[in-house]
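Residue strings, one per chain:
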Amino acid sequence: MRLHLSPEDRAFRDEMRTFFSTAVPQSIRDAVAAHRELTKEQFIEAQRALNAAGLAVPHWPVEWGGRDWTPLQRHIWREEMQLAGVPEPLAFNTSMIGPVIATFGSQEQKERFLPATANLDIWWCQGFSEPDAGSDLASLRTTAVRDGDDWVVNGQKTWTTLGQHADWIFCLVRTDPTAEKRQRGISLLLFPMDTPGVTLRPIELLDGGFEVNEVFFEDVRVPAENLVGEENHGWDYAKFLLGNERVGIARIGSTKRMLIEAKEHARGITVNGAPLSEDPYMTARIAELENELLALELTALRVVANSAGGRPHPASSVLKLRGSELQQAATELLVDIAGPLSVASFADEDSDVPEWAQVATPSYLNYRKVSIYGGSNEVQRTIIAGSILGL
Amino acid sequence: MEFSYDDEQNGLREAVSALLSRAYGDSEQRRRVVGTDPGFDEKTWGQLAEMGLLGLPFAEADGGMGAGPVEVSIVAEEIGRVLAPEPFVEAVVLAGGLVADLGTDAQRAEVLGALAEGTLLPAFAHTEIGSRWQASAQSVTATEDGGSWRLTGVKEPVPNGARADLLVVSALVGGATRLFLVPGDAEGLTRTGYRNHDGTRSAKVTFAGTPAQPLGEGTGDQAPAIEKAQARARVAYGHEALGAMETALTTTAEYLKARKQFGVPLNKFQALTFRAADMYVSLELARSTVMWATLVVDADGDVVAAADRARLQTSRASRHIGKEAIQLHGGIGVTAEYKVGHYTSRLTAIDHLLGDGDWALARLAGSVGEHQTVDALQ
Ligand SMILES: Cc1cc2nc3c(=O)[nH]c(=O)nc-3n(C[C@H](O)[C@H](O)[C@H](O)COP(=O)(O)OP(=O)(O)OC[C@H]3O[C@@H](n4cnc5c(N)ncnc54)[C@H](O)[C@@H]3O)c2cc1C
């Protein structure tokens, strides 16, 4: 055990800090800091800047752009990125389908997809959830039936994040409806979103944004070579993918940034003649959140150091569970600091309500999602109770 | 102490509920209504007037119904239950309440009569950027010149400020806060309306030497009267929140029975049904406190302190229930296409109009040393 970063890790952190605060355009980082919706172009520009510097996919195999970093270095990379307000490389590409293709894909698929995936030349979306298959993903009903050299896909996905920007979808489909175990009849298919028969319906969320979609498939023909790994083994790849999704989902750096923001805004608001930042209830609340966040960050460091062979430590469920709660608490704090101004969410340029106060409640409402997706907090508790405590 | 409603009050609830569920029983209807200005339905507003609800708490001599806070609480609860966007608490309890408390005979007759008839919508223009739920004005000033008054400064956000026919405006005169009436078409008045996150509307209201009529006579500080009117509005909002929390809870309970995952309805998972049970506990504790506060208003007791207690309890309960209602629904809970999240949004707005839970807690904490116990029975 040792408290201080080694000189090498410290140098690494400084390098990351400098890079993130200089190489990604300020306008993009400002948009992240202001909780504004990013445009497709902004996501792409940011990821290409990272990729050009070899920082988009450090956790991939080295031959496909990975960096062979220690778990601690990866942690530092991610946290510094969030702290600087740099949009993270698109998770669907770099944390989800990329590692799956790199691990289970054919050589041809690797060559075809991995470089384009790292550089966001292909934008992927995740076609897992269906209206009746949420927490119970294995009950999914979208089918793929073999017809000559093609698979023919019919059915529906939902909650497809940023499907409107996506070029390709990685999609769980049922290929063997007769399999004894539901999990055994599922395969993973890749296909372009502009394939005939794919349609998209945007879903409006509580903040007025359109970040998720329903996606419908009607006789969508997918060449057989676009199946990943083995037929009917899709569930294994999905589990592998979801395990990776959980790592880094604590978003500690991003919560830290929100707390910095909160303290700054609280300093500018006066209550009974004194700054809100000196109000005993406000300071106690912030201090408690900071302490919770410290505990989480330390746990992340401890867990990260113990992850063996690329498999997430079971305690990574703690990171998702508490990480999402703290993100939500930080957004709630910002609403409360905005106080009476927090109602004025869609005020125009004329308004004197500052932008951060306008977006506070929509973000708070939107962030209810973080304890629902990526394995809901109930699912995380089930994992902790089952796989860790043996209950 | 008596918590039950009499026949007439039950009849009132049924009538209001029938009207509002016709208008908003289908939650898509509310989405349509809040989708365009003024963020509520003028026709429904007119129907509330026809039923006498917009004049409910005002004296009959002023054109009102002479009913009390219990009747007001019933209407507010039914408003909350279907999330009706009509500004009952804002216009009747708060803006109307100020005129009823402070207005001259002529002002009361003119404003309250028209409000009751549904022909005049008043709004309380009080909040300023940088103010935080206090009863006093902060920067808008009023000056007198030869017997006529003019206002200068900016109020924002003003609930219903763009649609309002009449603004009740707080302004500084020397060190004191005084109230003024400004018609919506006054010269030197600029109003820019916008949508709040809960679908209601607010506005930035700018006064540039705008002519104004003092509310009431006299020259004293009217901040204490504002404090009291705000307290009554806090209690009424408490009831609106109760209605909303109850629907959020019943909607969630129904969903847990209807939604199937893993081959069974979600209510087979005790981890989830216990969470719904906890929501019920929060709701009932808030209900008791808010009903008690209404009785304090009715008895003209320490309304300000009672409102703070109700506010604290409702704030905690509405956050708990609002968050859990979404979480237990899963993804569908965060969509604008399904109703439950809108309840959370409205509960969040109510919580931040007129002071949130921590704000009420701070005020209550300041008086802990002044009593030995807090007793329900008086
Ligand atoms: C904003 C957003 C973006 C998303 N993006 C994507 C995406 O890009 N691609 C994709 O495939 N999916 C995506 N999802 C879907 C997400 O993974 C699902 O919402 C999640 O799996 C929960 O499923 P559900 O919404 O159907 O809720 P349900 O499964 O119906 O669950 C409802 C509630 O019951 C709880 N619950 C369910 N089963 C149990 C149990 N056995 N024990 C205890 N509690 C239980 C849940 O935790 C939840 O609280 C997204 C969701 C959201 C909200």
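Up top you'll find the structure we're talking about.
Since the structure is predicted, the reported quantities are computational estimates derived from the model, not experimental observations.

Undergrad: I'm lost on the overall build of chain B in this one. Help?
TA: For chain B, the count of helices and strands is 11 helices and 9 strands. Expected size for 378 residues packed as a compact globule is a radius of gyration near 21 Å; at 21 Å, chain B falls within 12% of this value. Within the span of chain B, comprising 378 residues, buried residues form 59% of the whole. A sequence separation of at least 24 residues applies to 74% of the contacts in chain B between residues at least 6 apart. For chain B, the exposed area adds up to about 14,500 Å²; of that, 52% sits on carbon and sulfur atoms. Of the charged side chains in chain B, 34 are positive and 49 negative, and the gap between their average positions amounts to 9 Å.

Undergrad: Teacher, can you tell me more about the site of the ligand here?
TA: In the region of the ligand, 28 residues are neighbours, and S135, T161 and S376 of chain A together with R259 and Q327 of chain B sit closest. Of the chains in the model, those with residues near the ligand are chains A and B. The separation between an oxygen atom of the ligand and a polar side-chain atom of E378 of chain A is 2.7 Å. G331 of chain B is positioned such that a nitrogen or oxygen atom in its backbone is 2.8 Å from an oxygen atom of the ligand.

Undergrad: Would you mind showing me how to read the packing of helix α7 (residues 223-258) of chain B against helix α8 (residues 270-298) of chain B here?
TA: Pairs of packed helices are described in terms of their axes, by the angle between the two and the distance that separates them. Residues and elements named next belong to chain B. Taken N-terminus to C-terminus, the directions of α7 and α8 make an angle of 160°; their axes are 9 Å apart at the nearest point. Regarding the angle of α7 to α8, the classification is roughly antiparallel. Both α7 and α8 take part in a crossing whose hand is left-handed. Residues R232, V235, G238, H239, L242, M245, E246, L249, T252 and L256 of α7 form the contact with α8, whose own contacting residues are L272, A276, M279, Y280, L283, A286, R287, V290, M291, A293, T294 and V297. A per-class count over the contact of α7 with α8 returns 15 nonpolar, 4 polar and 3 charged.

Undergrad: It is not clear to me how the environment of E264 of chain A should be interpreted in this structure. Could you clarify?
TA: By the secondary structure assignment, E264 of chain A is in helix α8 (residues 252-267). Given a relative accessible area of 47%, E264 of chain A falls into the partly exposed group.

Analysis parameters
Residues numbered from 1 in each chain as written. Chains lettered and ligands numbered in written order. Predicted model: local features only at pLDDT ≥ 70, side-chain atom pairs only at ≥ 80, totals over all residues. Heavy atoms only, no water. Helix = DSSP H or I, 4+ residues; strand = E, 2+ residues; numbered from the N terminus. Rg over C-alpha atoms; globule rule 2.2 N^0.38 Å. Buried < 20%, exposed > 50% of the residue type's maximum accessible area, 1.4 Å probe, protein only. Contact = heavy atoms within 4.5 Å. Areas by Shrake-Rupley, 256 points an atom, 1.4 Å probe, with all protein chains shown as cover. Lys, Arg positive; Asp, Glu negative; His and termini not counted. Charge placed at Lys NZ, Arg CZ, Asp CG, Glu CD. Near = heavy atom within 4 Å. Polar contact = N/O pair within 3.5 Å; in protein donor to acceptor, adjacent residues only side chain to side chain. Axes fitted to C-alpha atoms, helices over the stretch in contact; angles between N-to-C directions. Parallel < 35°, antiparallel > 145°, perpendicular 65-115°, else oblique. Left-handed = near helix turned anticlockwise from the far one by under 90°. Nonpolar A, V, L, I, M, F, W, Y, C, P; charged D, E, K, R; others polar.

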